[in-house]
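Chain by chain, the residues:
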There are 2 protein chains.
Amino acid sequence: MKRRDFLKVTGLGAAGAATIAAPAIAQGLPEIKWRMPTSWPKSLDTLYGGAELMAKMVGEATDNKFQIQTFAGGEIVPGLQVLDAVQNGTVEIGHTASYYYFGKDPTFTFGSAVPFGPNMRINQAWYMLGGGRELLNEFYKKYNCISLLAGNTGAQMGGWYRKEIKTPEDLKGLKLRIGGFAGRALQKLGVVPQQIAGGDIYPALEKGTIDAAEWVGPYDDEKLGFAKVAPNYYYPGWWEGGPMLLAFVNLDKWNALPKYYQAVLEQAGHYANNWMMAKYDQANPPALRKLLAAGAKLRPFPAPVMEACYKAAKELHSEVAATNADFKKVYESLTSFSNNGYSWFQVAEIGYDSFMARHSQG
Amino acid sequence: MKRRDFLKVTGLGAAGAATIAAPAIAQGLPEIKWRMPTSWPKSLDTLYGGAELMAKMVGEATDNKFQIQTFAGGEIVPGLQVLDAVQNGTVEIGHTASYYYFGKDPTFTFGSAVPFGPNMRINQAWYMLGGGRELLNEFYKKYNCISLLAGNTGAQMGGWYRKEIKTPEDLKGLKLRIGGFAGRALQKLGVVPQQIAGGDIYPALEKGTIDAAEWVGPYDDEKLGFAKVAPNYYYPGWWEGGPMLLAFVNLDKWNALPKYYQAVLEQAGHYANNWMMAKYDQANPPALRKLLAAGAKLRPFPAPVMEACYKAAKELHSEVAATNADFKKVYESLTSFSNNGYSWFQVAEIGYDSFMARHSQG
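- In the nomenclature of an unreviewed UniProt entry, chain A is known as TRAP transporter substrate-binding protein of Bradyrhizobium australiense.

## Notes on the sheet that holds strand β6 (residues 175-177) of chain B
As a general point, the strands of a sheet are linked pairwise by backbone hydrogen bonds and lie either parallel or antiparallel.
All names here are of chain B.
Inference 1: On the basis of which strands lie adjacent, the open sheet formed by six strands has the order β7-β6-β8-β5-β9-β11 and mixed pairing. Taken across any chain shown, the strands that pair with only one partner, and hence form the sheet edges, are β7 (192-194) and β11 (297-300).
Inference 2: Where strand β5 (residues 159-161) meets strand β8 (residues 212-213), two bridges bridge the pair, whose relative direction is antiparallel. Residue pairing for β8: W160 is matched across the bridge by A213.

## As for the side chain of N273(A)
Inference 1: Relative to the helices and strands, N273(A) resides in helix α11 (residues 259-293).
Inference 2: Once residues lying within four places of it in the same chain are set aside, the contact partners of N273(A) are Q124(A), L149(A), A150(A), G151(A), N152(A) and N274(B).

## Some details on the environment of L129(B)
Inference 1: Structurally, L129(B) can be placed in helix α5 (residues 120-129).
Inference 2: Taking the relative accessible area as the measure of exposure, L129(B) reaches 24% and is therefore partly exposed.
Inference 3: In sequence terms L129(B) and F337(B) are 208 residues apart; their C-alpha atoms lie 9.9 Å from each other.
Inference 4: Those residues within four positions of L129(B) in sequence are excluded, and the remaining contacts are W275(A), A278(A), K279(A) and Q282(A).

## Focus: the environment of I122(A)
All names here are of chain A.
Inference 1: Within the element layout of this structure, I122 appears in helix α5 (residues 120-129).
Inference 2: By relative accessible area, I122 is classed as buried at 1%.
Inference 3: Sequence separation of I122 and N340 is 218 residues, and the distance between their C-alpha atoms is 9.3 Å.
Inference 4: Non-local contacts of I122, meaning those with residues more than four positions away in its chain, are made with F337, S338, G341, Y342 and F345.

## Quick notes on helix α3 (residues 47-61) of chain A
All names here are of chain A.
Inference 1: If you check α3, its first and last C-alpha atoms are 22 Å apart, about what 15 residues at 1.5 Å a residue would give, namely 21 Å.
Inference 2: Listed in full, the buried residues belonging to α3 are L47, Y48, G49, G50, A51, L53, M54, A55, M57, V58, G59 and A61.
Inference 3: In the stretch just after α3, D63 is the one whose phi turns positive, near 55°.

## So, empty space enclosed by the protein
Think of a ball as big as a water molecule: rolled over the atoms, this probe shows where empty space is left.
Inference 1: On inspection of all chains with the given rule, the structure shows nine cavities of 30 Å³ or more.
Inference 2: Considered as a void within the structure, the largest cavity measures approximately 80 Å³ in volume.
Inference 3: Lining of the largest cavity is provided by N119(A), M120(A), R121(A), F345(A), E349(A), D353(A), N119(B), M120(B), R121(B), F345(B), E349(B) and D353(B).
Inference 4: Residue assignment for the lining of the largest cavity shows that the elements contributing at least two residues are α5 and α14 (348-358) of chain A together with α5 and α14 (348-358) of chain B.
Inference 5: Looking at the lining of the largest cavity, its residues break down into four nonpolar, two polar and six charged.

## Remarks on helix α13 (residues 325-345) of chain B
Residues and elements named next belong to chain B.
Inference 1: Between its first and last C-alpha, α13 extends 30 Å over 21 residues, near the 30 Å set by a 1.5 Å rise per residue.
Inference 2: Those residues of α13 that fall on the buried side of the exposure criterion are D326, F327, V330, Y331, S333, L334, F337, S338, G341, Y342, W344 and F345. For α13, the buried positions fall inside an angular range of 165° around the axis, keeping them on one side.
Inference 3: The backbone nitrogen of D326 lies 3.1 Å from a side-chain oxygen of the residue at the head of α13, namely N324.

## Quick look at the interface of chain B and chain A
Inference 1: Each side of the interface is counted separately: chain B has 102 residues, and chain A has 103 residues.
Inference 2: When chain B packs against chain A, the two sides together hide about 9000 Å² of surface, and 63% of this comes from carbon and sulfur.
Inference 3: Considering only the surface of chain B that becomes buried against chain A, Q267(B), W344(B) and Y352(B) emerge as the three largest contributors, covering 9% of it.
Inference 4: On inspection of chain B and its partner chain A, the count reaches two salt bridges.
Inference 5: Residue R121(A) pairs with D281(B) through a salt bridge whose shortest N-O separation is 2.6 Å.
Inference 6: At the surface where chain B touches chain A, the tally comes to 25 residue pairs in polar contact (both at pLDDT 80 or more).
Inference 7: Here the side of chain B that touches chain A gets 21 residues from one element, more than from any other, and that element is helix α11 (residues 259-293) of chain B.
Inference 8: In the side of chain B that touches chain A, the residues fall into 53 nonpolar, 30 polar and 19 charged.

## Topic: the sheet that holds strand β4 (residues 145-152) of chain A
Residues and elements named next belong to chain A.
Inference 1: Strand order in the open sheet made by the three strands is β3-β10-β4, with antiparallel pairing throughout. Taken across any chain shown, the strands that pair with only one partner, and hence form the sheet edges, are β3 (93-96) and β4. Looking at each pair of strands side by side, their axes are set apart by 25° on average, direction ignored.
Inference 2: The pairing of β4 with strand β10 (residues 244-250) spans six bridges and is antiparallel. Within the sheet, the bridge partner assigned to L148 lies in β10 and is A247.

## Structural notes on the relation of the copies chain B and chain A
Inference 1: Screw-axis analysis of chain B against chain A gives a translation of 0.0 Å along the axis, an RMSD of 0.0 Å, and a rotation angle of 180°. What we have between these two chains is a two-fold relation. Of every C-alpha in chain B, the one belonging to G28(B) sits nearest the axis of rotation, 1.8 Å from it.
Inference 2: When the interface residues of chain B are mapped onto chain A, 100% of them are again interface residues, pointing to one common binding face.

## Considering the confidence of the model for chain A
Inference 1: Of all residues in chain A, 92% attain a pLDDT of 70 or more, and the chain-wide mean is 92.
Inference 2: Model confidence for the complex is summarised by a pTM of 0.93, with the ipTM given as 0.93.

## Focus on the side chain of Q262(B)
Residues and elements named next belong to chain B.
Inference 1: With respect to the helices and strands, Q262 occurs in helix α11.
Inference 2: Q262 sits in the buried class, given a relative accessible area of 10%.
Inference 3: Here Q262 is in contact with W254, N255 and L257, once residues within four sequence places are set aside.

Reading the values: the criteria
One numbering rule holds for all chains: residues counted from 1, following each sequence as written. Each chain takes a letter, starting from A, and each ligand takes a number, starting from 1, following the order in which they are written. Per-residue local features of the predicted model are confined to residues with pLDDT of at least 70, and side-chain atom pairs are confined, for both listing and counting, to 80 or more; whole-chain, interface and lining totals are unaffected and use all residues. Derived side-chain values reflect all non-hydrogen atoms in the structure, with water molecules and hydrogen atoms excluded from consideration. Here, any two strands with at least 2 DSSP bridges between them count as paired. Runs of E in the DSSP output that reach at least two residues are strands. Runs of H or I that reach at least four are helices, and both are numbered from the N terminus. By definition in these notes, contact holds between two residues if any of their heavy atoms fall within 4.5 Å. Exposed residues in this analysis have more than 50% of their type's maximum accessible area, buried residues have under 20%, and partly exposed residues fall in between, with area computed by a 1.4 Å probe over protein chains only. Each residue after the first adds 1.5 Å to the expected span of a helix. For cavity detection a 1 Å grid was placed over the protein atoms alone, and a set of points counts as a cavity when a 1.4 Å probe fits there but cannot get out; an open set counts as a pocket when protein lies on both sides within 12 Å along at least five of seven lines, with lining residues being those that have an atom within 4 Å of a point. Grid points are joined across faces, edges and corners, and a volume is the space filled by probe spheres set on the points. Residues were grouped as follows: Ala, Val, Leu, Ile, Met, Phe, Trp, Tyr, Cys and Pro as nonpolar; Asp, Glu, Lys and Arg as charged; and all remaining residues, including Gly, as polar. This arc describes the spread of directions from the helix axis toward the C-beta atoms. We call two N or O atoms a polar contact when they sit within 3.5 Å, provided that within protein one can donate a hydrogen and the other can accept it, with sequence-adjacent residues counted only if both atoms are side-chain atoms. For any pair of parts, buried area is found by adding up, for both, the accessible area (1.4 Å probe) each one loses once the two are put together. Each salt bridge in this description consists of a side-chain nitrogen of Lys or Arg and a carboxyl oxygen of Asp or Glu lying within 4 Å of one another. Between N-to-C directions, angles cover 0 to 180 degrees, with each direction set by a line fitted to C-alpha atoms, over the stretch in contact for helices. Only residues with pLDDT of at least 70 in both copies count here: their C-alpha atoms drive the least-squares fit that superposes the copies. Known as pLDDT, the predictor's confidence for each residue is given on a scale from 0 to 100.

Shown next, in the form of structure tokens:
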């Protein structure tokens, strides 16, 4: 008789006894139903998929006693008003990008990404252990919210351009569809930022109403067909080096939750966060191949363009920090953490990745 | 009256009503106590800390009804026999490194890292969405275990060397303390791998009993004081580009858990996984500065050394795959996913990181 069979017969040993008596249904857990609007169309199965998964994992961890129903942007709340709906208690939780709300206060940008901010790993380490979460939640408290980590896209692309960008001069007068705070940095270089919803970008590019458009990265971009009308596909998207997606929870609703449901919610967010990052890392490579086959021309921003953008972004950050104490506090914390982070990242991580990238092409 | 105040007075609106009635104590949840031995001394607050946190998060999500007690290596189970204890049901769960068990079967290496395997992000994406988890759990089933994601160290360092390594010739006869499967690749280049427990490495290096030793990275290495006796600190640790830490759960104990406790356990692992990665990314930079101040000489492995190691590792993988069907299946899945992953990673991620690393030194 094998040892394993023996253990089965004798009831899994002493340590297993408790597990046998466990009821399959968690009868005593309170039943709670929440609604989670998002800023995403269901077709964005990366971003919307992450929100859906977070809700699903909360259900699984509570035997479906804590249920969260997700909604696409516009279903019950307009996609860009998710924060407002959470703030005023219309809904309990929302899944969105913090920087959509930078018009209320530029400090919102840090909950997603700030131009020339850190990559995904360093951004997440700052949020978890570098004081980021505490600083952001102190700020979000003004909006009656707290944040939970709930996704990341990794470094994004710099967008689709009808003409090549060879020098900083080529940015002058360029009508670029770009979301968030980065448009203000690009304005310093003469770019005319355009706010256009996802579905309207393609016709605007095709007609030449705009000259260029940034969206996310290969997997999400491929669905919108930009390669046909603006084939120059630039990288990196320096305004989104590792953007976080946060779920906002109404503070009163959060405080009313039992502690164990708070813990479930937070851990489900981490699970969804990892799934979303994995989903991008899995789906971007084949999408990039498809885009290249469809005529996309992959181009790095030339070094002088990157340097000019870096200078413009840093100037913008200093200007905003001079008049906005919240922005200043968060920016200084993130920048210090990021500089530190890269002092290590450039050693083993970048060294290894560079070698592996060269050896992964065969 | 502000809208927010109004909402408070009227009881948070309809959606909030359910949360007010929620009991603070989860009376109906089954009480379960598990034991989790680890392979780590408590002084490794990254690795042991991750295991501890996973246990803590399970408690928090279940109102402490599901309790997991963690143990340092050797407390109730020898550090390198954690898998065995889980397999035979002595304990329900263990936190260890899969590749410690490569002597039983080299396929165990993939649950941590294989030489010249992918970085943390790609490794994790493979585990979550690239079929890695399913393939590994199919293999672990032979040992009556399933795995849960429970940590990552990121790219490790290549170790501490008394003398410089300038050419592949310098590896011949080198007595190198190295754990896991990588030693077999290095044997092809003349290295004499040494298995030495953490606490014994320093005296062996000091006396010259060994010529070099690899451990983890700056934060963990700094505690052991290698800089004094073997100052040449090489990178990258190509045998550990993004090693996962997995928690092994006894399959019978896992199957006996209510589904919601399975979900809690898995999500707690993801939380701990993210904490551990963040902890390394936060703690490595200052530790590296301390090491440099203490006389460490940071050196990249010269390109010919990296190429010779790559060739040796690939030969080893082919040899093992030829005689081990499990190894072959997992290796092919991981390699294909990794090659794909880097075809995207080298674009926006490496492009962005390289720029940011150059601009983070001021």
